[in-house]
Amino acid sequence: MFPQKYPVVETKDIPKVVVDVSEGGSCTEKPSRLSLILLLLILWLVTRPYEGILWDSEYYTVQALHFLWPDRYANDLYFVFGSQDQFSIFSRIYGPAIASLGLLRAHMVLTVLTQLFWVIGLTYLAKGIFQGRWVYLAMAGVIVFPGSAGLIFHYYSEPILTPRILAEALTLLALGAIWRERIFFSLGLLAVGTVIHPLMTLPGIVFWFLWFFGRQKTGWMACALAGTIVLGLAVSGVQPFVRLTQFFDPAWLNIVRQRSPYCFISQWGMGEWMAVIHTVLLTLWAMQKAGNKERPFLKLALLIGTGGVVLSWLGGDLLNNVLILDAQLWRAMWIVSLISHLFIAQRLSTLFHDPRGYHARWLWMSTFLLTLLAGFHGGYYFLATPLMAMAFLVQQWEERTPEPLPLWGRCLVASFFLLVFFRTAFFFWNTFILDTVRGEIEFVFALGALTLMYLSFKDSYAGFSTKSFSRIRFGMIGLLLLGTLMVWDQRSSWVKSIDEASGPPSNLSEILPQGRPIYWEGDVTVPWFLLRRSSYFSCSQGTGSLFSRETAINYWQRYRSFQPLHTVEFSEGNTYCAPLPGEKISGPPTQGQVEKVCRENPGLGGMVLLHSIEGMHPKIWNSPVLFTYRKFIGHSKRWVTTNRFYIYNCPIQK
């Protein structure tokens, strides 16, 4: 066991605080707090670049715009039957910010502020568990190793603006208050988080209850009373509790399975399971040397995370309960992932000071290098997780057996590593490794920042002159920070043109059909953010299928109607809108198919396509900025750019 706030190492091995009183009598603690804060800032920026209003941020942005101008989006499929906005007050924050600052400034300001608030929450939690240098090292482990949960969703602190990051920040503050035994303060924080994003706050609420009342009979009696109240609300038809009594019928369930497969545990791929196993192994590893208070903290987080996955499978996959599927309980893995990452630096320190763990320490270092790469693309979990399992087993041998790892064991480890590496690296060469290593200078910056942080704690006994090395280190930190700021804004020219537009281009508005929703191939943000009007169909709008049967049925009708056009949404690489099994894409759309779509969708005002239709005479808009999209040809893909869009009004005029 080690003391509550320090790892198990000998006192002589812990770097002391060095006081420099030379030349001027100034006192400098090594490493300086400013340099460590700047290194953490670099790690944050390189792992969370700004890419504009993308992915889930699109949903919350259009919800804020709908809050401001409900009439403009009244006919949008995303809002016709209700949206997730009813479960959060985030639009009440985001909407007024847009009205005051404009879309781009509001988005950037809230992105920075919510991320800053998240870091404050992390700092409060880390300072409760650790002291001194370990606070910065623990935070570095959390910031640089969030990774992505498989190939679909992130565990925590996503680099986009959503209420999830704000709810996570409040939950982190609550966890820090729980550690300090501040029962009412932590409960108040969780209550606020619930109205921001209940799904991300729910694991924190469970943690709070089990930590304070998990071993008390009165606590479970209160839990039973709360359960009775919830059942009463469900029977009374109060949202969202009424969903507890509802179940997906086959038609609705099939649509949700096709549109949101990640919500079903049974449909997770190897990427998702590799990420989950990675987190479980890391937590078990951290628990081995944890103290009397740290171990229950880790154990409870692991219970909540894995319990969320199991309950999602039971209630969602098996019982098809609406509330349980809507709650997405598997998201509880974010808490156990974050807490386990807090202990990475501390655990590595104990391993490096243990002479028995010679082979294990290098296996663990290789594992975390691959995990760092997984932060840039989840595919690297295919390498990191098997290697972590091997590191875990080798460490058990070296710590529990006085004999060194035998030759056959070393050969087995080497063979296993080479087998995993070559089998995985060959498969992902074109997809992940080239895209990441050649295209992501952020990885180099992150590695450089981690190296400087390591040297910051080693220079006191590495033979360097305190003043000269501090100056060199600070200069390198400044260069890294400058480079990081230069690459932080990674928006494409197309995204910038939409984010920064003060209004729709006049030459486009004049030729678009008015009064009814339109379909814009390849990018729903054009009608939503550039034109500030309703969109008739996009695969993105199908996200509401999980929460509304009416949305699901209407989305599916439009999906089947538009699919014969073979537009960008229905490319083979689209996770949410791929062609249905057995259906082949053959050639560009025809005039008859376009006319059929107009007939089947009387509410459609028109379509903006990326290709002209033979025999038809569209209006043409030439964009000042190139639009880039991915086109699949057989089993290969290529990027295509265009600035020409073809507009076809509905009904078709002959």
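Predicted, not measured: the structure shown is a model, and the values here were computed from it.

K.L.:
So what about the overall build of the protein? Which residues, and what values?
P.N.:
Along the backbone of the protein there are 26 helices and 6 strands. For the protein, the residues scored as buried account for 53% of the 654 residues in total. Split by element, the accessible area of the protein, about 29,300 Å² in all, is 64% carbon and sulfur.

K.L.:
Can you break down the state of the cysteines residue by residue, with the values?
P.N.:
Under the counting rule described, the total for this entry stands at 1 disulfide. What pairs with Cys598 in a disulfide is Cys650, and their sulfur atoms sit 1.9 Å apart. Disulfide Cys598-Cys650: the torsion about the S-S bond is -50°, which places it as left-handed. With Cys598 in helix α26 (residues 591–600) and Cys650 in the segment after β6 (636–649), the pair connects residues that are 52 residues apart, well separated along the chain. Residue Cys650 is classed as buried on the basis of its relative accessible area of 5%.

K.L.:
Summarise the packing of aromatic side chains; cite the residues concerned and give the values.
P.N.:
Here the structure, examined in full by the defined rule, presents 45 aromatic pairs. Relative to Phe297, the ring of Trp211 lies with its centre 5.3 Å away and its plane at 85°, an arrangement referred to as edge-to-face. With Trp211 in helix α9 (residues 198–213) and Phe297 in helix α13 (residues 294–318), this pair connects stretches of sequence that are 86 residues apart. Aromatic side chains Tyr519 and Phe562 sit 4.8 Å apart centroid to centroid with 50° between the ring planes, which places their arrangement in the tilted category.

K.L.:
Give me helix α1 (residues 33–47): which residues, what numbers.
P.N.:
Its 15 residues place the ends of α1 21 Å apart at the C-alpha level, agreeing with the 21 Å of an ideal helix rising 1.5 Å per residue. The element α1 is largely enclosed, with a buried count of 11 among its 15 residues. Every buried residue of α1 is listed here: Ser35, Leu36, Leu38, Leu39, Leu40, Ile42, Leu43, Trp44, Leu45, Val46 and Thr47.

K.L.:
Any chance you could break down the nonpolar core for me, citing the residues and the numbers?
P.N.:
In this structure, Leu342 and Met607 are the most contacted members of the largest nonpolar core, which totals 192 residues. At 12 residues, helix α7 (residues 163–179) tops the list of elements feeding residues into this core. Dropping the residues within four chain positions of it, Leu342 is found in contact with Leu122, Leu125, Ala126, Ile129, Phe130, Ala138 and Val142.

K.L.:
Now, about the confidence of the model for the protein: what can you tell me, with residues and values included?
P.N.:
Per-residue pLDDT for the protein has a mean of 83; in total, 85% of the residues score no lower than 70. For the stretch residues 1–29, pLDDT sits under 50, and the model shows 56 contacts to residues farther than four places along the chain or on other chains. Contacts for the low-pLDDT stretch residues 460–464, under 50 throughout, to residues beyond four places or in other chains number 6 contacts.

K.L.:
Explain the environment of Leu325 to me, using residue names and the numbers behind them.
P.N.:
Looking at where Leu325 falls in the secondary structure, it is placed in helix α14 (residues 322–327). With 221 residues separating them in the primary sequence, Leu325 and Leu546 have C-alpha atoms 7.8 Å apart. In contact with Leu325, other than residues within four places in its own chain, are Phe248, Cys263, Phe264, Gly316 and Leu546.

K.L.:
Can you explain the packing of α9 against helix α15 (residues 333–342)? Please cite residues and give values.
P.N.:
Interaxial distance between α9 and α15 falls to 8 Å at its minimum, and their mutual angle equals 70°. Between α9 and α15, the angle is such that the two are roughly perpendicular. Listed contacts from α15 to Met200, Pro203, Gly204 and Phe207 of α9 are Trp334, Ile335 and Ile339. For the contact of α9 with α15, the class distribution of residues is 6 nonpolar, 1 polar and no charged.

K.L.:
Tell me what's going on with the packing of helix α16 (residues 344–352) against helix α17 (residues 358–374), and back it up with residues and numbers.
P.N.:
Where α16 contacts α17, the two axes come as close as 10 Å, and the packing angle between them is 155°. When the interaxial angle is binned, α16 and α17 end up roughly antiparallel. With respect to the hand of their crossing, α16 and α17 are arranged in left-handed fashion. Within the contact between the two elements, α16 uses Ile344, Leu348, Leu351 and Phe352 and α17 uses Ala360, Arg361, Trp362, Trp364, Met365 and Phe368. By residue class, the composition of the contact of α16 with α17 is 9 nonpolar, no polar and 1 charged.

Conventions and cut-offs
Starting from 1, residues in each chain are numbered consecutively following that chain's sequence as written. Confidence filtering applies because this is a predicted model: local features only for residues at pLDDT of at least 70, side-chain atom pairs given and counted only at 80 or more, and all residues used for totals across whole chains, interfaces and linings. Only hydrogens and water are set aside when side-chain values are computed; all heavy atoms of the structure are taken into account. Each helix is a run of DSSP H or I of at least 4 residues and each strand a run of E of at least 2, with the numbering of both proceeding from the N terminus. Relative accessible area decides the class of each residue, using a 1.4 Å probe on protein chains only: under 20% of the type maximum gives buried, over 50% gives exposed, and in between gives partly exposed. Accessible areas in this description were obtained via Shrake-Rupley with a 1.4 Å probe; residue shielding takes into account the shown protein chains only. The term disulfide is used for any two cysteine sulfur atoms that are within 2.5 Å. Aromatic contacts are taken between Phe, Tyr and Trp rings whose centres are within 6.5 Å, Trp giving its six-membered ring; a plane angle under 30 degrees counts as stacked, one over 60 as edge-to-face, and the others as tilted. The length a helix should cover is 1.5 Å for every residue beyond the first. Residue types Ala, Val, Leu, Ile, Met, Phe, Trp, Tyr and Cys, when buried and joined through side-chain atoms within 4.5 Å, form a set referred to as a nonpolar core. By definition in these notes, contact holds between two residues if any of their heavy atoms fall within 4.5 Å. Scored from 0 to 100, pLDDT reflects the predictor's confidence in each residue. The axes used here are C-alpha line fits, helices contributing only the stretch in contact, and every angle between their N-to-C directions lies in the interval 0 to 180 degrees. If an angle is under 35 degrees, it is roughly parallel; if it is over 145, roughly antiparallel; if it lies from 65 to 115, roughly perpendicular; otherwise it is oblique. Residues are grouped as follows: nonpolar covers Ala, Val, Leu, Ile, Met, Phe, Trp, Tyr, Cys and Pro; charged covers Asp, Glu, Lys and Arg; every other residue, Gly included, is treated as polar. Handedness of each helix crossing follows the sense of rotation of the near helix against the far helix: counterclockwise by less than a right angle gives left-handed, clockwise gives right-handed.

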